[in-house]
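Structural characterization, general
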Amino acid sequence: MEAVIAVLALLFVLFVVLGAYATVKVVGAAKRSADRHITQARRTVEDHTLKVKSFAQSGPAGEVARLRLTLRTSMRATQDALEAGAAEDQSLKESLALFERLSAHGHELEGELRRLESEPDRGALGKRLPELRERTNRITRSADSLRWAARDRARHFADDDLDSLSTQIDMETGALRHWTTTEQQSASASRPAAPAEDAPAAGPARPAITPPGPRLAYPWQKKPRPESTT
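All residue numbers refer to position in the chain's written sequence, counted from 1. At least 70 in pLDDT is required for a residue's local features to be given in this predicted model, at least 80 for side-chain atom pairs to be given and counted, and no such filter applies to totals for whole chains, interfaces and linings, which use all residues. To get the side-chain values, all heavy atoms of the structure are used, and hydrogens and water are removed first.

**Section: the packing of aromatic side chains**
The condition that has to hold: Ring pairs shown here join Phe, Tyr and Trp side chains whose ring centres sit within 6.5 Å, with only the six-membered ring taken for Trp; geometry is labelled stacked below 30 degrees between planes, edge-to-face above 60, and tilted in between. Only when the NZ atom of a Lys or the CZ atom of an Arg is both within 6 Å of the ring centre and within 35 degrees of the ring normal do we say a charge sits over the ring.
Tallied over the full model, the rule gives 0 aromatic pairs. Cation over ring: Arg151 sits above Trp148, and NZ or CZ is 5.0 Å from the ring centre.

**Notes on the confidence of the model for the protein**
Our working definition: The predictor reports its confidence for every residue as pLDDT, a score running from 0 up to 100. Helix and strand definitions here come from DSSP, where helices need a minimum of 4 consecutive H or I residues and strands a minimum of 2 consecutive E residues; each element is numbered from the N-terminal end.
For the protein, the average pLDDT comes to 76, and 67% of its residues sit at 70 or higher. Within the protein, helix 5 (residues 179-190) has the poorest average pLDDT of any element, 62, and helix 3 (residues 92-116) the best, 92.

**Some remarks on a negative patch on the surface**
Put simply, the test is: Residues enter patches when their relative accessible area tops 30% and they take part in no salt bridge; the joining distance is 9 Å for like charges and 5 Å for the nonpolar side chains Val, Leu, Ile, Met, Phe, Trp and Tyr. Throughout, the Shrake-Rupley method with a 1.4 Å probe supplies accessible areas, and for residues the shown protein chains are the sole cover considered. Each reported salt bridge corresponds to a side-chain nitrogen of Lys or Arg within 4 Å of a carboxyl oxygen of Asp or Glu. Under this rule, positive means Lys or Arg and negative means Asp or Glu; His and the chain ends count for nothing. Working definition for charges: the position is that of NZ of Lys, CZ of Arg, CG of Asp or CD of Glu. Three exposure classes are used, based on accessible area relative to the maximum for each residue type with a 1.4 Å probe and protein chains only: buried under 20%, partly exposed in between, and exposed over 50%.
Residues Asp159, Asp160, Asp161 and Asp163 make up a contiguous surface patch of negative charge. Within the secondary structure layout, Asp159 lies in helix 4 (residues 122-176). Exposure remark for Asp159: the relative accessible area of 39% places this residue in the partly exposed category.

**Here's the deal with a nonpolar patch on the surface**
A cluster of nonpolar residues, Val4, Val7, Leu8, Leu11, Leu14, Phe15 and Leu18, forms a patch on the protein surface that exposes about 670 Å² of accessible area. Judged by its relative accessible area of 57%, Phe15 falls in the exposed class.

Okay, structure coming up:
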């Protein structure tokens, strides 16, 4: 009886532990999902704010907003393309690692541009713009190059797969249409053969063995002696 109680207690503890673990996993997954949605919503709001600033503000402040928007758009598009491609093509792992290094420079520049948006000295900000514009162009050119290379690679593999698929389909359609050749062969086989013109007419059938004729008597043969009746 004590053994049964111990087993039941152990099972109860096991169920409690598994339930707590499952609860933690569900809560963690829900928290991560909520964090992703919050981050995405924050990015969307920031992008719309930058678009408004880039059109509404003039001078250095509007230029800084346009640089931030260009940088964020290029880096996000490249990240999405590389992560999606790396899930199917392991060769993009190295490209993704290079992009992570490029992202460090992008985050540094984006933070600097964010701080300069509230810079009251417009003259000093205007002097910084050429250098900021050059850094932005260098980072976005590198990001765009990685993104388009990944897309060209994916399109190349898609074209190769389509060519192979087209070849297989052509072979299959040829095999499916083989019934036309089969019908032609069947029709030729069912048509009676025409008699040969030069074949001689068939004569009466000769017996396989010719019956022997009368034996010829030769002069050197003796005549048979008649049997004596005495």
